[in-house]
Amino acid sequence: MKFNSEKFNPEISEILERAVKGEKISEKDGIVLMNSNDLLNLGIAADKIRKNKVGDIVSFVLNLHINYTNICVSKCEFCAYYKDKEDSKGYIMSINEILERIKKARQISNISEVHIVGSLNQEIPVEYYENILIETRKNFPDLTIKAFTATEIFFIAKQNKSTVKEILERFKDAGLNFMPGGGAEILNDEIRSKICPNKLKSDEWLNVMETAHKLGIQSNATMLYGHIESNEDRVRHILKLRDLQEKTNGFLGFIPLSFHPKGTNLNNKGLVTMPVSGIDDLKVIAIARILLNNFDNIRAYWVMLGKNLAQVALHYGANDFDGTIGNENITYAAGKISERSADIEELKNLIKGANRIPIIRTTDYKILKILD
Ligand code: V47
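The text that follows walks through the structure, step by step, so that each part is easy to find. This is a predicted model, so every value here is computed, not measured. (Residues numbered from 1 in each chain as written. Predicted model: local features only at pLDDT ≥ 70, side-chain atom pairs only at ≥ 80, totals over all residues. Heavy atoms only, no water.)

**Here's the deal with the site of the ligand**
Link 1 in the chain: Taken together, the neighbourhood of the ligand is formed by 24 residues, with Lys146, Gly181, Gly183, Glu185 and His260 sitting nearest.
Link 2 in the chain: A distance of 2.5 Å separates an oxygen atom of the ligand from a polar side-chain atom of Lys146.
Link 3 in the chain: Note that an oxygen atom of the ligand is positioned 2.9 Å from one of the side-chain N or O atoms of Asn220.
Link 4 in the chain: Contact with the protein chains covers 95% of the free accessible surface of the ligand, which is 610 Å².
Link 5 in the chain: Counting only elements with at least two residues in the shell around the ligand, the list comes to strand S5 (219-225) and strand S6 (251-258). (Near = heavy atom within 4 Å. Polar contact = N/O pair within 3.5 Å; in protein donor to acceptor, adjacent residues only side chain to side chain. Areas by Shrake-Rupley, 256 points an atom, 1.4 Å probe, with all protein chains shown as cover. Helix = DSSP H or I, 4+ residues; strand = E, 2+ residues; numbered from the N terminus.)

**Comments concerning the pattern of salt bridges**
When charged atoms on two side chains of opposite charge get close, those side chains can pair.
Link 1 in the chain: Following the criterion strictly, the structure yields 33 salt bridges and no others.
Link 2 in the chain: Linking Asp47 and Arg356 is a salt bridge whose minimum nitrogen-to-oxygen distance equals 3.2 Å. Of this pair, Asp47 sits in helix H3 (residues 39-54) while Arg356 sits in the loop between helix H16 (344-353) and strand S9 (357-361), placing them 309 residues apart in sequence.
Link 3 in the chain: Here Arg356 falls in the buried class, since its relative accessible area comes to 7%.
Link 4 in the chain: Glu135 is paired through a salt bridge with Lys138; the nearest N and O atoms lie 3.5 Å apart. With a gap of three residues between them, Glu135 and Lys138 both fall in helix H5 (residues 126-139), about one helical turn apart.
Link 5 in the chain: A residue is classified by how much of its surface remains accessible, and Lys138, at 57% relative accessible area, is exposed.
Link 6 in the chain: Within this structure, Asp47, Arg50, Lys51, Asp56 and Arg356 form a network of salt bridges that share partners. (Salt bridge = Lys/Arg side-chain N within 4 Å of Asp/Glu carboxyl O. Buried < 20%, exposed > 50% of the residue type's maximum accessible area, 1.4 Å probe, protein only.)

**Thoughts on the environment of Leu368**
Link 1 in the chain: With respect to the element layout, Leu368 can be found in strand S10 (residues 367-370).
Link 2 in the chain: Counting along the chain gives 256 residues from Leu368 to Ser112, while the straight-line C-alpha distance between them is 9.8 Å.

**A closer look at a nonpolar patch on the surface**
Link 1 in the chain: Together, Ile357, Ile367 and Ile370 give the surface a local cluster of nonpolar side chains, amounting to about 280 Å² of exposed area.
Link 2 in the chain: Relative to the helices and strands, Ile370 is located in strand S10.
Link 3 in the chain: Residue Ile370 is classed as exposed on the basis of its relative accessible area of 55%. (Patch = residues over 30% accessible without salt bridge, like charges linked within 9 Å, V, L, I, M, F, W, Y side chains within 5 Å.)

**Description of the sheet that holds S5**
For sheets, the rule is that strands pair by backbone hydrogen bonds, running either parallel or antiparallel.
Link 1 in the chain: Read across the open sheet, the three strands follow the order S5-S6-S7; overall the sheet is parallel. Since the sheet does not close on itself, it has two edges, and those belong to S5 and strand S7 (297-298), each with one partner.
Link 2 in the chain: Pairing geometry for S6 and S7, over two bridges, is parallel. Bridge pairing links Gly253 to Asn297 in S7. (Pairing = 2+ DSSP bridges.)

**Structural notes on the packing of aromatic side chains**
Link 1 in the chain: Going through the model one piece at a time under the given rule, you end up with nine aromatic pairs.
Link 2 in the chain: When the centroid spacing of 6.2 Å and the interplanar angle of 40 degrees are considered together, the rings of Tyr129 and Phe171 count as tilted. Linking Tyr129 in helix H5 with Phe171 in helix H7 (residues 164-174), this pair joins segments that are 42 residues apart in sequence.
Link 3 in the chain: On the accessibility criterion, Phe171 (0% relative accessible area) is buried.
Link 4 in the chain: Ring geometry for Trp205 versus Phe251: centroids 6.5 Å apart, planes at 15 degrees, classification stacked. Here Trp205 is found in helix H9 (residues 202-214), whereas its partner Phe251 is found in strand S6, with 46 residues between them in sequence.
Link 5 in the chain: Residue classification places Phe251 among the buried positions, given a relative accessible area of 4%.
Link 6 in the chain: One aromatic cluster is present, formed by Tyr68, Tyr128, Tyr129, Phe148 and Phe171 through successive ring pairs.
Link 7 in the chain: Residue placement shows Arg361 over the ring face of Tyr365; its charged tip is 4.1 Å from the ring centre. (Phe/Tyr/Trp six-rings, centres within 6.5 Å; stacked < 30°, edge-to-face > 60°. Lys NZ or Arg CZ within 6 Å of the ring centre and 35° of its normal.)

**Digging into the side chain of Arg289**
Link 1 in the chain: Locating Arg289 in the fold gives a position in helix H12 (residues 278-291).
Link 2 in the chain: Although buried, Arg289 forms no salt bridge, and the nearest oppositely charged side chain, Asp296, lies 6.1 Å from it.
Link 3 in the chain: Here Asn319 takes part through its side chain, which lies 3.1 Å from a polar atom of the side chain of Arg289.
Link 4 in the chain: In contact with Arg289, not counting residues within four places along its chain, are Ala46, Ile49, Arg50, Lys53, Val54, Phe295, Asp296, Asn297, Ile298, Gly317 and Asn319. (Lys, Arg positive; Asp, Glu negative; His and termini not counted. Contact = heavy atoms within 4.5 Å.)

**Structural notes on the pairing of S5**
Taken residue by residue, a regular strand's side chains alternate between the two faces of the sheet.
Link 1 in the chain: Within S5, seven of the seven residues are buried, which leaves the element mostly enclosed by the surrounding structure.
Link 2 in the chain: Of the two faces of S5, the one carrying Ser219, Ala221, Met223 and Tyr225 and the one carrying Asn220, Thr222 and Leu224 are both buried.
Link 3 in the chain: In this region the chain leaves S5, passes through helix H10 (residues 231-248) and returns to the parallel neighbour S6; the handedness of that crossover is right-handed. (Right-handed = clockwise from strand over helix to strand, strands pointing away.)

**Observations concerning H10**
Link 1 in the chain: The end-to-end C-alpha distance of H10, which contains 18 residues, comes to 26 Å, matching closely the 26 Å that a straight helix rising 1.5 Å per residue would cover.
Link 2 in the chain: Restricting attention to buried positions, one finds in H10 the residues Asp233, Arg234, Val235, His237, Ile238, Leu239, Leu241, Arg242, Leu244, Gln245 and Thr248.
Link 3 in the chain: Residues of H10 that are buried in the fold lie against helix H2 (27-35), helix H8 (189-195), H9, S5, S6 and H12.
Link 4 in the chain: Asn249 sits one or two positions beyond H10 and adopts a positive phi of about 55 degrees. (Expected span 1.5 Å × (residues − 1).)

Limitation: the analysis is restricted to geometry and does not speak to function.
In structure tokens, the structure reads:
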């Protein structure tokens with residue numbers, strides 16, 4: 001495949017040609033791509049790699065997001081969702097409320113997955129998390145439980161003077177199937193010390209994931225971009241995920257998360273005033289597809305991209321649309337008010353409109369239903 005990139009830098013064409021052949025692209029070349037403005041050629045290469053890897057199927061899952069608490073000691077600078085425990089808007093859901101929420105979602109559509117995450121709440125004993133898993137499993141035996149980020153697991157382990165492995169084993173026994181990819185933010189400790197100083201460090205996040213994968217708990221991986229990170233940070237983050245994937249093969253998919261500043265400290269302090277541009281969103285998706293040669297699935301997370309841009313991202317390397325979600329809270333708190341849930345018809349039409357084959361999938365990307 002030839003790329004007509006003379007308008008910019010012939011070096012880019014050469015890198016893209018190697019990427020399309022399936023070669024592993026170096027950090028140096030990744031940074032050249034991230035610094036380039038050659039979006040169309042990046043997109044053509046990413047689209048070709050996507051087609052070679054996973055064909056024309058675009059998947060989504062029927063799921064429900066539940067945020068069991070918003071009270072958090074981490075107080076990340078990029079988060080508009082957390083509350084102090086004294087705040088009247090702070091909450092902890094009871095297990096019954098969680099079960100009721102799932103029951104209602106199942107009456108509306110036959111969700112196959114529940115995605116349960118919260119924040120770092122010191123008031124919650126380990127038995128609460130365990131009981132969420134046990135009761136959900138007992139009441140909905142066929143439901144896939146994707147729950148608790150690496151950040152939460154690390155926090156729970158510390159709180160309980162346990163190891164990460166012990167907590168993960170306990171949760172797996174209680175019914176945990178998969179882990180979401182949140183909390184990764186940017187895997188650079190200097191940036192983390194500015195945007196999430198109270199959270200686990202980069203290697204600690206990676207270690208939790210490695211431990212989970214080795215216990216047979218597969219997970220997703222995310223990257224929060226569009227705040228104060230550099231292009232180099234983005235590339236290095238993506239390559240850290242690629243390195244861990246080489247070791248464990250435990251990542252199901254990569255989900256780039258586009259930062260929404262409204263109501264966050266980064267915004268209040270004037271450090272980030274605007275959401276990421278659509279061009280940058282597409283560039284990150286395309287470069288993720290190009291660099292992550294050992295990941296099958298790159299997600300266009302419509303909640304953060306908006307549905308229309310997520311549709312376009314399907315031509316820039318993405319092959320998955322996340323899910324129906326139910327009631328998203330985290331991006332909603334940061335000002336993205338129009339995109340909280342989706343129905344099957346809507347996602348199907350967006351995928352068909354992009355000339356792809358819509359399918360409903362399981363959490364681990366097995367086909368449940370092809371939609372015509
Ligand atoms: O870890 C927080 C990010 C993540 C903001 O694994 C923000 O299947 C943008 O990880 N603007 C949580 N992003 C969401 C997440 C996720 C979502 C969907 C599917 C999966 C999965 C994982 O959201 C946080 C943080 O990185 N975030 N605040 C914000 N203002």
